[in-house]
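Read off the chains here:
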Amino acid sequence: MELLGIFFAAFLINNILLIRFIALCSFFGVSNSIETSFGMSAAVIFVMTISSAVSWLVFYFILSPLQLEFLRTAAFILTIASLVQLEELYMKKMLPDLYRSMGIFLPLITTNCAILAVAFLAIDYRYNFIQAMVYSLGVSCGYSLVIILFAYIRERMAIAPIPKWFQGYPIAFITAALMSLAFLGFTGMFGL
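About the cut-offs
Each chain carries its own residue numbering, running from 1 in the written order of its sequence. For a predicted model such as this one, the threshold for reporting local features is a pLDDT of at least 70, and the threshold for listing and counting side-chain atom pairs is 80 or more; totals across whole chains, interfaces and linings nevertheless cover every residue. Derived side-chain values reflect all non-hydrogen atoms in the structure, with water molecules and hydrogen atoms excluded from consideration. Counting from the N terminus, the helices are the DSSP runs of H or I reaching at least four residues and the strands are the DSSP runs of E reaching at least two. Working definition: with a 1.4 Å probe on protein chains only, accessible area under 20% of the residue-type maximum means buried, over 50% means exposed, and in between means partly exposed. Contacts were defined at the residue level, with two residues in contact if any of their heavy atoms lie within 4.5 Å. By salt bridge we mean one thing: a side-chain nitrogen of Lys or Arg within 4 Å of a carboxyl oxygen of Asp or Glu. For Phe, Tyr and Trp, rings pair up if their centres lie within 6.5 Å, where Trp contributes its six-membered ring, and each pair is then called stacked (planes under 30 degrees apart), edge-to-face (over 60) or tilted (otherwise).

A. Main features of the side chain of T79. Mapped onto the elements, T79 comes out in helix α4 (residues 72-94). Of the residues examined, T79 reaches a relative accessible area of 12% and is grouped as buried. Beyond its immediate stretch of four places on either side in the chain, T79 contacts S51, V54 and S55.

In structure tokens, the structure reads:
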């Protein structure tokens, strides 16, 4: 039950995008199409989960025993950058259409603050390895849910009769704010 609580707290209650407002650059930048949002979601789920696992191991088995905790930012960024490079090489070879559609946003996963934040938060919350994995999976699934829903809404807004001065980012920010208010309704769910 504890792991389920960790997952749903990360997935809905403390959603990384709509409640914590972390990683908004990729949220607004990639959510123009559902296809690109699915690709970004898969990339974020992979990188966030694997980098969180590796970062947890690096922190508890290398940095902490050697009393080098102050190097965790550099170590975590190096871990994330390495994983993104591997993922980019894979997508370029195996999924070239998705690779091209993601454009600059794929290498920007390296600087996606949500991925680094999850690595830090798993350590700061003092999660054990399994809890950290469940937490990172919950955060990445919550990111995916929100970015795909937002892309769907933005595609519908593109054909909606919205005044010209309100089109683009103004309506996108208002829509994101309304989604954020809706996600606040999950507060208190599961006693969290």
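B. Representation of the pattern of salt bridges. Under the defined criterion, the tally for this structure stands at one salt bridge. Its salt-bridge partner being D124, residue R72 comes within 3.1 Å of it at the nearest N-O pair. Remark: D124 occurs in helix α6 (residues 113-124) and R72 occurs in helix α4; sequence separation between them is 52 residues. For R72, a relative accessible area of 19% gives the class buried. A relative accessible area of 44% means that D124 is categorised as partly exposed.

C. Representation of the packing of aromatic side chains in the model. Counting across every chain of the model gives 19 aromatic pairs. Consider the rings of F7 and F11, whose centres lie 5.5 Å apart with planes at 15°: the pair is stacked. Placement of the pair is F7 and F11 together in helix α1 (residues 2-13), with a separation of four residues, close to one helical turn. Between W165 and F166 the ring centres are 5.0 Å apart and the planes differ by 55°, which places this aromatic pair in the tilted class. Among the residues examined, W165 registers a relative accessible area of 67% and is labelled exposed. Members of the aromatic cluster, joined through ring pairs, are F27, F28, F150, Y169 and F173.

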